[in-house]
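Observations on the model geometry
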Amino acid sequence: MKSPNPMEVELKLALAPTGPAALTQHPYLASHAAHKQSLTNTYFDTPQGDLAKARIALRLRQVDGQVLQTVKTAGQGGGGLSQRQEWEWQVEGPQLDLASIAKLPPFQGELSGVLDALAPQLSTDFTRRSWQLKESAHGQESHIELVLDEGEIISGDYRTPICEAELELKGGEPEALWELASTLAEQVPLRPSDSSKASRGNALSAQYWPLPEAHSPAEWLHRATLALDAYHDSQQASFLNDAQQALTTLACHSDLDDTARGYAQSLSDGLDEFGQPNKAYGKAALALAHRLAYQTALR
């Protein structure tokens with residue numbers, strides 16, 4: 001098992017339909033080899049959704065002939081950036097290692113009594129292409145794993161596509177994630193996403209996509225981002241309207257300085273009628289999210 005207090009730091013980016021091709025053809029990746037894998041993932045919870053309520057994800061992942069068990073807590077951050085605790089270790093087969101789960105901090109309280117009720121609730125099947133990127137800039141060494149995931153989330157009779165990139169910090173400072181994302185956004189139509197695959201699957205299963213109240217600029221950006229995530233998974237037009245309303249409110253917020261306001265004002269025009277971002281949206285959203293980072297609890 002990983003260290004007792006592991007921390008995952010990543011930046012999640014939803015891609016427009018043309019995004020995967022643009023990403024794989026980006027000149028920045030020309031000198032880096034991609035590793036391709038097929039990942040089959042099963043997420044577990046109680047029938048009452050106790051883990052989802054606690055914003056904890058528990059999954060078994062089959063990859064390269066191995067089975068990995070992973071526990072993740074809720075993320076803290078905003079604008080696509082999240083920091084969360086994560087534990088992952090190899091298990092012998094497609095059965096949960098309940099004894100090891102019981103020793104983890106998230107299961108020391110009320111959740112200690114739900115372990116025997118855990119059962120498969122949803123799955124994600126996708127192809128992953130990954131690049132290991134190591135750079136040195138401004139006297140700082142960084143190691144980032146960039147992954148491109150394409151597939152689907154399956155929950156009962158409901159399905160929704162996966163088309164996203166994740167930038168996970170393996171070494172160095174989070175600033176390196178923003179720099180790489182901005183570089184990619186120059187040629188790749190993308191937007192920050194604040195919804196994990198597990199939270200998307202849980203919402204899909206319940207057919208319920210709650211949006212948080214918002215007051216600060218970071219909260220309005222978070223609300224807009226979640227509304228876009230909900231729109232693409234639910235195909236309910238009301239969520240696209242919610243996103244546009246949140247972006248409009250954000251652009252007028254009195255707490256924004258002139259630079260941040262300029263970024264915010266360009267966002268509403270950067271989405272097409274299907275809620276897909278153009279390159280201008282991605283660049284402005286990342287620049288604004290960077291200024292507002294670490295201020296919002298994530299799902």
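First, a word on scope: everything that follows refers to the structure included in this document. Since the structure is predicted, the reported quantities are computational estimates derived from the model, not experimental observations. (Residues numbered from 1 in each chain as written. Predicted model: local features only at pLDDT ≥ 70, side-chain atom pairs only at ≥ 80, totals over all residues. Heavy atoms only, no water.)

Looking at the environment of Gln 245
Along the chain, Gln 245 turns up in helix 7 (residues 237–251). In this structure Gln 245 comes out as exposed when scored by relative accessible area, which is 52%. Remark: the alpha-carbon pair of Gln 245 and Asp 64, spanning 181 residues in sequence, is separated by 44 Å. (Helix = DSSP H or I, 4+ residues; strand = E, 2+ residues; numbered from the N terminus. Buried < 20%, exposed > 50% of the residue type's maximum accessible area, 1.4 Å probe, protein only.)

Structural notes on the packing of aromatic side chains
Following the criterion strictly, the structure yields one aromatic pair and no others. Ring geometry for Trp 209 versus Phe 239: centroids 6.3 Å apart, planes at 70°, classification edge-to-face. Remark: Phe 239 occurs in helix 7 and Trp 209 occurs in the loop between helix 5 (197–206) and helix 6 (217–234); sequence separation between them is 30 residues. For Trp 209, a relative accessible area of 7% puts it in the buried group. (Phe/Tyr/Trp six-rings, centres within 6.5 Å; stacked < 30°, edge-to-face > 60°.)

Considerations on empty space enclosed by the protein
Per the stated rule, a full pass over the model turns up three cavities of 30 Å³ or more. There is about 80 Å³ of room inside the largest cavity. Lining the largest cavity we find Tyr 43, Phe 44, Asp 45, Leu 51, Ala 52, Ile 56, Ala 57, Leu 58, Gln 121, Leu 122, Ala 198 and Asn 202. Of all the secondary structure elements, the ones that give two or more residues to the lining of the largest cavity are strand 2 (35–45), helix 2 (50–53), strand 3 (57–63), strand 7 (119–137) and helix 5. Looking at which element gives the most residues to the lining of the largest cavity, the answer is strand 2, with three residues. Residue classes in the lining of the largest cavity are distributed as nine nonpolar, two polar and one charged. For the second largest cavity, the lining is made up of ten residues, of which Lys 12, Gly 80, Ser 82, Arg 84 and Ser 193 are closest to its centre. Where the lining of the second largest cavity is concerned, the elements lending two or more residues are strand 1 (7–15) and strand 6 (81–91). (1 Å grid on protein atoms, 1.4 Å probe; cavity = no way out; pocket = protein on both sides within 12 Å on 5 of 7 lines; lining within 4 Å. Points joined across faces, edges and corners; volume = space filled by probe spheres on them. Nonpolar A, V, L, I, M, F, W, Y, C, P; charged D, E, K, R; others polar.)

Comments concerning the side chain of His 232
Within the fold, His 232 resides in helix 6. By relative accessible area, His 232 is classed as buried at 19%. Apart from the residues lying within four places of it in its own chain, the contact partners of His 232 are Thr 160, Arg 191, Phe 274, Gly 275 and Gln 276. (Contact = heavy atoms within 4.5 Å.)

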